[in-house]
Amino acid sequence: DAGITQSPRYKITETGRQVTLMCHQTWSHSYMFWYRQDLGHGLRLIYYSAAADITDKGEVPDGYVVSRSKTENFPLTLESATRSQTSVYFCASSVGTGKGETQYFGPGTRLLVL
Amino acid sequence: AQKVTQAQTEISVVEKEDVTLDCVYETRDTTYYLFWYKQPPSGELVFLIRRNSFDEQNEISGRYSWNFQKSTSSFNFTITASQVVDSAVYFCAQGGSEKLVFGKGTKLTVNP
């Protein structure tokens, strides 16, 4: 029972480079989410998806792109990484049918942008 | 608008002490959910509990208990006889028709 996985777990990149963080869940949950966690800000929602091919912005979407061609995958792309995007990124999926249902989180990806 | 406030930024206790983590929420929803998550030093976010707004019964699970009071919009979390393994950041969250909103977290340190 793999649950929800993220890759890579750690990533170092340089300013201006494109980076893609992967998220995969085996539960067939409809909703998936991307958060970033920073000191002093807690967890902030970047994007979420209600189903395949349906995505919507969260609180801090600028500089990020998402796609959801398959229910189980929800990649997050930083089109041109900036130092302010250094953070820990969490993917989550929701067992329910709404945005506000229980979410289960992946292990996180630590991203450092130099 | 939704808002979750965890006023205690950090708490430090000695092992075997009881400790209560406070959570106050704001929402316009009449039906909503409240959650607690734990983030140990290893970094993962672990779901602990979900409560429905229409169920104000307190919940107990081993050394953990949760006190939901609609009248004060609070959903407090108590750890009885704390242990070093309870050291973590604990997040309260509120959800429902809108997305989950998380508090900023309370860092609990349990010293031996």
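Residues numbered from 1 in each chain as written. Chains lettered and ligands numbered in written order. Predicted model: local features only at pLDDT ≥ 70, side-chain atom pairs only at ≥ 80, totals over all residues. Heavy atoms only, no water.

Considering the interface of chain B and chain A
Listed by partner, the interface residues are 17 residues for chain B and 15 residues for chain A. For the pair chain B and chain A, the two sides together bury roughly 1,500 Å², of which 59% comes from carbon and sulfur. When residues of chain B are sorted by the area they lose upon contact with chain A, Leu45, Lys99 and Phe102 of chain B head the list and together hold 34% of the total. Between chain B and chain A we count 1 salt bridge in total. Linking arginine 50 of chain B and glutamate 101 of chain A is a salt bridge whose minimum nitrogen-to-oxygen distance equals 2.7 Å. When contributions to the side of chain B that touches chain A are tallied by element, the ones reaching two or more residues are strand E5 (33-39), strand E6 (46-52) and strand E10 (88-95) of chain B. Examining the composition of the side of chain B that touches chain A, we find that 4 residues originate from one element, E5 of chain B, more than from any other. Grouping the constituent residues of the side of chain B that touches chain A by class yields 8 nonpolar, 5 polar and 4 charged. (Contact = heavy atoms within 4.5 Å. Buried area = accessible area lost by both parts, 1.4 Å probe. Salt bridge = Lys/Arg side-chain N within 4 Å of Asp/Glu carboxyl O. Helix = DSSP H or I, 4+ residues; strand = E, 2+ residues; numbered from the N terminus. Nonpolar A, V, L, I, M, F, W, Y, C, P; charged D, E, K, R; others polar.)

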